[in-house]
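An overview of the molecular structure
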Amino acid sequence: MRILKYAILGLLYNEKLTGYDITSEFKGPLGQFWTAKHSQIYPELRKLTDEGFIQYEVVVQGTKLEKKVYEITSHGEKELSEWLEKVERDSSVNKDEFMLKTYFISAMEKEEAYDLFNDQLVKRKEKLSKLQKTLSLLEEEGEMPITFSSPQFGHYLVLTRAIEREKGYIVWLEKTIDLLK
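Rules used throughout
Residues numbered from 1 in each chain as written. Predicted model: local features only at pLDDT ≥ 70, side-chain atom pairs only at ≥ 80, totals over all residues. Heavy atoms only, no water. Salt bridge = Lys/Arg side-chain N within 4 Å of Asp/Glu carboxyl O. Helix = DSSP H or I, 4+ residues; strand = E, 2+ residues; numbered from the N terminus. Buried < 20%, exposed > 50% of the residue type's maximum accessible area, 1.4 Å probe, protein only.

**Considerations on the pattern of salt bridges**
- Counted under the stated rule, the structure contains 12 salt bridges.
- Linking Glu-82 and Lys-78 is a salt bridge whose minimum nitrogen-to-oxygen distance equals 2.9 Å. With Glu-82 and Lys-78 both in helix H4 (residues 74–85) and four residues apart, the pair spans about one turn of that helix.
- Of the residues examined, Glu-82 reaches a relative accessible area of 40% and is grouped as partly exposed.
- Relative accessible area serves as the criterion here: at 51%, Lys-78 is assigned to the exposed category.
- Put simply, Glu-166 and Arg-124 hold a salt bridge, and the shortest N to O gap is 2.8 Å. Residue Glu-166 is found in helix H7 (residues 153–180), and its partner Arg-124 is found in helix H6 (residues 110–141); the two are separated by 42 residues along the sequence.
- Looking at Glu-166, the relative accessible area reads 0%, which means it is buried.
- The buried category is assigned to Arg-124, whose relative accessible area is 12%.
- Linked through salt bridges whose partners overlap, the residues forming this network are Arg-124, Lys-127, Arg-165 and Glu-166.

Put into structure tokens, the structure is as follows:
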């Protein structure tokens with residue numbers, strides 16, 4: 001299944017965007033739970049255009065610079081809606097190099113393992129701090145309280161889940177570090 005297809009359709013459902021704008025979204029809030037590279041996005045945009053799910057208008061910026069501004073079509077809205085309504089099996093893909101190393105921890109020296117976990121703890125605390133700052137900004141900029149009809153509701157849900165995930169990860173790391181002492 002081409003999940004990137006639906007991520008792009010969802011972005012374009014909200015607003016018209018250039019390929020650059022779409023790529024930037026994967027470096028922002030969307031990047032907290034889904035990633036895509038420039039080299040994946042542009043071929044997907046071509047496919048979606050060929051399939052009639054999106055269309056674009058060429059806009060001239062400045063005197064010569066042309067850029068394509070994409071928008072979702074009614075066919076694309078229908079496709080997105082059908083995907084959103086479909087109940088999926090557990091489709092989570094979990095590739096976590098740190099957890100893979102943890103699985104093989106017995107092949108490490110105790111000091112190496114301790115350093116590995118301390119490094120991960122620092123990174124997770126930094127990530128939690130960034131997520132909490134993003135949540136504060138979202139709450140300051142948005143209408144309060146955030147409800148289902150709020151434009152930022154989906155971002156709020158994903159962000160609060162990410163914060164809880166990081167808090168849990170930090171607790172587990174701290175307990176593991178205590179075990180390694």
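Read on, since the account is not over.
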